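# Working through the structure, step by step
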Amino acid sequence: MSEYAVEMQNVVKIFPTPEGGEVTAVDHVTLRIQHGEFFSLLGPSGCGKTTSLRMMAGFEWPTEGEIYIDSKAMGRIPPYLRTVNTVFQSYALFQHMSVFQNVAFGLEMENVNKAEISRHVANALEMVKLTGMDRRKPRQLSGGQQQRVALARALVKRPAVLLLDEPLGALDLKLRKEMQLELKALQEHVGITFIYVTHDQEEALTMSDRIAVMSQGKTLQIGTPLEIYERPNCRFVADFIGETNFLKGTVKKVDKEKVTVLLTSLSKEIEGLGQGSFIFGQDVTVSIRPEKIRLADDTGAGALKGLENFLHAKVVRTAYVGSDTRVFLDLGKDIKMRAWEQNHVSTLDPDAYYAVGDVVRVYMPIENTLVLPEG
Amino acid sequence: MSEKKPALWLRIFSYLVYLYIYLPILILVIFSFNTQKMNIRWEGFTLKWYEVLFNDSNVILATRNTLIIAFVATFVATVVGTLAALALQRYRFPGYTMTETVLYIPVIIPEVVMGISLLAFFALINLQLGLTTITLSHIAFNIPFVTLVVRARLHGFDKSIEEAAMDLGANEWTTFKRVTLPTIMPGVLSGAMLAFTLSLDDYVITYFTAGPGATTLPLRVFSMVRFAVTPEVNALSTLWVLTVFIILLTSQIIQKRQAQN
Amino acid sequence: MADVQTSKVKFSFSTQLRENPVAQGLALISPTFLYLLIFMILPMLLVAILSFMMRGSYGNIVYRFSIGNYTRLADTLYLRILAYSLGVGLATTIFTILIGYPLAYYIARAPTRQRSILLFLILVPFWTNFIIRIYAWIMILRTEGFLNTLLLNLGLINVPLDILYTPTAVLIGMAYEFLPFMVLPLYTSLEKIENAQLEAAADLGARPWRAFLRVTLPLSVPGMIAGSILVFIPAMGMFVVPDLMGGAKTILVGNLIRNQFLVSRDWPFGAAASMLLMILTLAFTLYYTRKAGFGGEELLI
């Protein structure tokens, strides 16, 4: 058994532009994807995730670097000789063929005999819950059904790796959420490696074993959803995944992983966990997610004794969303923050919730206050 | 545009125009059954002109020639033209603009010009005028039309189905055969039909490249009209109209049925 | 899965072709290009060269460069033929616009379901042979033809109308032939006009006729231009209709060229006339496509 299912080693892809210039779509990307992993490439449009996927499939060749599938270098091997299969964003179903013929196509290419084909196709359709649809034509199916046919068509070949290019993009929200769960369940059931491209960070967090966050051709961070969410290593990742508050400052003291930062506008010092190595005087961004903030009345009393990291703020707006209350804060000097307070208490008493105009303390627990390199 | 009821005069005018369009055909058909030779006065119903037609060896020969030429020219032009359409739609190469321009020339140029050019050319290379030269000429003016039609249908072709086919194990040739070709087939057939019709109908270019021996249906009809006017021409015309109408209707029905599926 | 090793043997050729899209494109286009080069470009070049040679006394070609043919064309006789051809082309175009515009307008305003049928009905007669259609008109317009017989019997005229073998007949025949080429582009153009624009015009106080003149008509101009290209140029080069319906009096450039090649056997002169026609055609096309922006292809299909 080879070490990794798919590996990208220092891959670069440069495209010529129509005006005669060049654009670097993938900029020295190195990835190692484990067997049986659900691995997502996440990032905004143009970040290089789709190009990376296409290079794995064989539709593009790396300008530099190498792609390994099952530890074999792919070089310029065409798609039809690779043991990976793709589910396309537009489904790319063969309109002139029936569902059965679509799913059978890949097996025909392998010269499997008719009886076997029938069996495999039936299994595949059952796996995606489309039994009985084999005679239909693609245009007679709904979007969700077409998507499943595309899935069945790729899976029936039992590839070692399945590549999925934003397969749920065209579906409505409810269907998308359902399919996310189904896809994840399917992957666990079949046990093959899924490499999934998406720009939807919630989707990536829900489904993936690991995520590679990409931007402008580079991988910024690779890790589990937990790692990516709780310990983003740079501003972009912290911002792209979930929501967060940013505060600018400079480094005042470094004590192993604890970094003391002087916040620029507010002239207050707070402590946080450094993501990376820092030196005195370095410009940094402090990041804390809204749900990690603890608010308290500005009296110093209460259960929040023991936490030293806090700032003063005034409540400018609140939004009650049922499970939590969104509190929008103004810290003065044009600095704004957001805090999500979970609604533990069950009461109809309005005074139990923060009101506009209240002055509060914004406690930032150190383990959730991250110091990120600026830029 | 809106669907308000149009003014009365507009409706009458339009119906008159339709009359203008159909009158000649109707008269043609009606008088093909006339006993009287001068076909103005209606004398009586007869099928004798159709009999004459079916026994007319010249007409039969001409029909045979026309069909052979049309089939051959259509086949070659369709294959070559489809490849050209694919080339123009998907690739960029040196000479692209020049090729595009060259392709538009037969569409725009008066047929006389093309006819005499080919005549001069065949004379130069000492190729005897006959069915071969006619066919070669027909292919020349058919190719651009096929290319045009197929190209129009290639717009909006989703390339990802070709990638999907390759992804599933089909090499380039198999992909073309099993996926690309079937998908563009309606456009290709449209182009072929157009080429066939143009070939069937062509008079001018055929006239110049036929020489003394060969005859096609349009040429035969012309000389019949010019020199030997009898209702036999009407009979021929009626049959022709009927055939074309049936073919057209069938193709429309097939198209509609395909669209419904 | 195919063995990666063995595929490496075939690797190089197909990879080369696959790697080089330019080569692929050239490969696909070459049959067409070569064919048209041989059977269209070459012949036309030949004609161009021919136009600068002269006819020998025995009907052969004297291979000496001369512009004699062109100076001969400048003779009033031929200029008159040219002017006449232009006139016929123009008249045909105008006539087809006059007849075709209301028809196109009518169809564009018809219920959507009916439109394709109405268009189909226009095309049906035109799928029959061109010569046959002209013959039908001859039957109608002859001295003892349908029209005259009808009018005589109805007592509307006393003497048969002399229509056939006059320019009028040619015009009727030409307009008949070219009508669909004008109606279809016009229809496409008119159909695209959003109803909202007309409603806006009405809302702003324009009566139907003014709305037509100021909104509909200008917006249908691209259709008219496309139609004109499709009518004017072929009409100029027509020789069949004048030949059959116009009699000896009507000679167009097309007839002239034909006569030179097949009757008088003065190929060089015919070539020169042909070059003239071609230049006019190209000039006209270039001028109009630059003006309209070439969208003619969709209108053709």
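Rules of the game
Residues numbered from 1 in each chain as written. Chains lettered and ligands numbered in written order. Predicted model: local features only at pLDDT ≥ 70, side-chain atom pairs only at ≥ 80, totals over all residues. Helix = DSSP H or I, 4+ residues; strand = E, 2+ residues; numbered from the N terminus. Rg over C-alpha atoms; globule rule 2.2 N^0.38 Å. Buried ≥ 20, exposed ≤ 12 C-beta atoms within 10 Å, placed from the backbone. Contact = placed C-beta atoms within 7 Å. Nonpolar A, V, L, I, M, F, W, Y, C, P; charged D, E, K, R; others polar. Pairing = 2+ DSSP bridges. Axes fitted to C-alpha atoms, helices over the stretch in contact; angles between N-to-C directions. Parallel < 35°, antiparallel > 145°, perpendicular 65-115°, else oblique. Left-handed = near helix turned anticlockwise from the far one by under 90°. pLDDT = per-residue confidence, 0-100. Expected span 1.5 Å × (residues − 1). Bend = angle between axes of the 7 residues up to and from the residue.

### So, the overall build of chain B
Counting its regular elements, chain B contains 11 helices and 0 strands. Tracing chain B from N to C terminus, the helices and strands come up as α-α-α-α-α-α-α-α-α-α-α. The globule rule puts the C-alpha radius of gyration for 261 residues at 18 Å, and the 23 Å found for chain B is more than 25% above it. Here chain B holds 261 residues, and 45% of them are scored as buried. Long-range contacts, defined here as pairs at least 24 residues apart, represent 80% of the contacts in chain B between residues at least 6 apart.

### Observations concerning the overall build of chain C
Helix and strand content of chain C: 15 helices and 2 strands. Counting all 301 residues of chain C, 44% fall into the buried class.

### A word on the interface of chain C and chain B
Taken together, the contacts link 78 residues of chain C with 70 residues of chain B. Among the elements that take part in the side of chain C that touches chain B, helix H2 (residues 21-50) of chain C stands out by supplying 21 residues, more than any other. In terms of residue class, the side of chain C that touches chain B is built from 56 nonpolar, 14 polar and 8 charged.

### A look at the sheet that holds strand S14 (residues 283-288) of chain A
Reading around the circumference, S11-S12-S13-S20-S14 (chain A) is the order of the 5 strands in this closed barrel, with mixed pairing throughout. Direction aside, neighbouring strands of the sheet carry axes that sit 55° apart on average.

### Focus: the sheet that holds strand S2 (residues 22-33) of chain A
Residues and elements named next belong to chain A. Spatially, 4 strands are ordered S2-S1-S4-S5 in an open sheet, and the strand pairing comes out antiparallel. Where the open sheet ends on each side, the last strands, each with one partner, are S2 and strand S5 (72-73). Where strand S4 (residues 64-69) lies against S5, 2 bridges are found, and the strand directions are antiparallel. Note on S5: the bridge partner recorded for Ile69 is Lys72.

### Structural notes on the pairing of strand S18 (residues 336-342) of chain A
All names here are of chain A. As defined by bridge partners, strand S17 (residues 324-330) adjoins S18 across 7 bridges and the pair is classed as antiparallel. Bridge pairing in S18 places Leu329 opposite Met337. Remark: 5 residues form the turn of the hairpin made by S17 and S18, two consecutive strands paired antiparallel; Gly332 in that turn has positive phi of roughly 85°.

### Points about the packing of helix H3 (residues 57-90) of chain B against H2 of chain C
The interhelical angle for the contact between H3 of chain B and H2 of chain C, taken along N-to-C directions, is 135°, at an axis separation of 8 Å. The angle between the axes of H3 of chain B and H2 of chain C places the two elements in the oblique class. The element H3 of chain B and its partner H2 of chain C pack so that their crossing is left-handed. Taken together, the residues of H2 of chain C that come into contact with H3 of chain B (itself represented by Val80, Gly81, Leu83, Ala84, Leu86 and Ala87 of chain B) are Gly25, Leu28, Ile29, Pro31, Thr32 and Tyr35 of chain C. Grouping the constituent residues of the contact of H3 of chain B with H2 of chain C by class yields 9 nonpolar, 3 polar and no charged.

### Structural notes on the interface of chain B and chain A
The partner chain A presents 20 residues to the 15 residues of chain B that form the contact. Among the secondary structure elements, those contributing two or more residues to the side of chain B that touches chain A are helix H7 (160-167) and helix H8 (172-201) of chain B. Per-element accounting of the side of chain B that touches chain A gives the leading share, 6 residues, to H7 of chain B.

### Considering the environment of Tyr101 of chain C
With respect to the element layout, Tyr101 of chain C can be found in helix H4 (residues 76-109). Note: C-alpha distance between Tyr101 of chain C and Tyr187 of chain C (86 residues apart in sequence) is 8.2 Å.

### Section: the confidence of the model for chain C
Residues and elements named next belong to chain C. Per-residue pLDDT for chain C has a mean of 80; in total, 89% of the residues score no lower than 70. The least confident element of chain C, judged by mean pLDDT, is helix H15 (residues 296-300) at 46; the most confident is H2 at 89. Predicted confidence is poor over residues 1-11, with pLDDT under 50, and the contacts of this stretch with residues over four places away or in other chains come to 8 contacts. Low pLDDT (under 50) marks residues 295-301, which in the prediction has 13 contacts with non-local residues, meaning those over four places away or in another chain.

### Some points on unusual backbone geometry
Here the phi dihedral of Asp334 of chain A falls at roughly 70°; this positive angle occurs in a residue that is not glycine. Judged by C-beta crowding, with 7 C-beta atoms within 10 Å, Asp334 of chain A ranks as exposed. A positive phi is found at Arg265 of chain C, a non-glycine position, where the angle reads about 60°. Looking at the element boundaries, Arg265 of chain C is found in the loop between helix H13 (253-262) and helix H14 (267-292).

### Some remarks on the environment of Thr180 of chain B
Residues and elements named next belong to chain B. Assignment of secondary structure puts Thr180 in helix H8. Accessibility expressed as a C-beta count within 10 Å gives 17 for Thr180, which makes it partly exposed. Taking C-alpha positions, Thr180 is 25 Å from Thr97, a pair spaced 83 residues apart along the chain. In contact with Thr180, not counting residues within four places along its chain, are Glu162 and Thr175.

### Concerning helix H11 (residues 221-237) of chain C
In an α-helix, one turn spans 3.6 residues; hence positions three or four apart end up facing the same way. Residues and elements named next belong to chain C. Here H11 is 17 residues long and its end C-alpha atoms lie 24 Å apart, about the 24 Å a rise of 1.5 Å per residue gives. By the largest-angle criterion, Ser228 marks the main kink of H11, which is about 25°. Counted residue by residue, H11 has 16 buried out of 17 residues, so it is predominantly covered.

### What to know about the environment of Gly56 of chain C
Residue and element names in this part refer to chain C. Summarising the element assignment, Gly56 is placed in the loop between strand S1 (54-55) and strand S2 (61-62). For the pair Gly56 and Leu79, spaced 23 residues apart in the sequence, the C-alpha separation amounts to 24 Å. In this view, Gly56 contacts Ile61 and Val62; residues no more than four positions away in its chain are not counted.

### So, the packing of H3 of chain B against helix H6 (residues 131-154) of chain B
All names here are of chain B. Interhelical geometry of H3 versus H6 gives an angle of 40° and a closest axis separation of 6 Å. Considered as vectors, H3 and H6 are oriented oblique to each other. Regarding H3 and H6, the two cross each other, and that crossing is right-handed. Looking at side-chain class alone, the contact of H3 with H6 contains 16 nonpolar, 10 polar and 1 charged residues.

### Some details on helix H7 (residues 146-153) of chain C
All buried positions along H7 of chain C are accounted for by Phe146, Leu147 and Asn148 of chain C. Of the surrounding elements, those touching the buried residues of H7 of chain C are helix H1 (8-31) of chain B together with helix H6 (130-141) of chain C. The positive-phi residue at the C-terminal boundary of H7 of chain C is Gly155 of chain C, with phi of around 80°.

### As for the confidence of the model for chain B
Mean pLDDT over chain B works out to 85, with 92% of the residues at or above the 70 mark. Element-level pLDDT for chain B is lowest in helix H11 (residues 231-260) of chain B, with a mean of 78, against a maximum mean of 93 in H7 of chain B.

### Overview of the pairing of strand S19 (residues 359-363) of chain A
Residue and element names in this part refer to chain A. Taken together, the 4 bridges between strand S15 (residues 294-297) and S19 define a ladder with antiparallel strand orientation. By the bridge assignment for S19, Leu295 is matched with Val362. Here strand S16 (residues 310-320) pairs with S19 via 5 bridges, running antiparallel. Bridge pairing in S19 places Phe310 opposite Tyr363.

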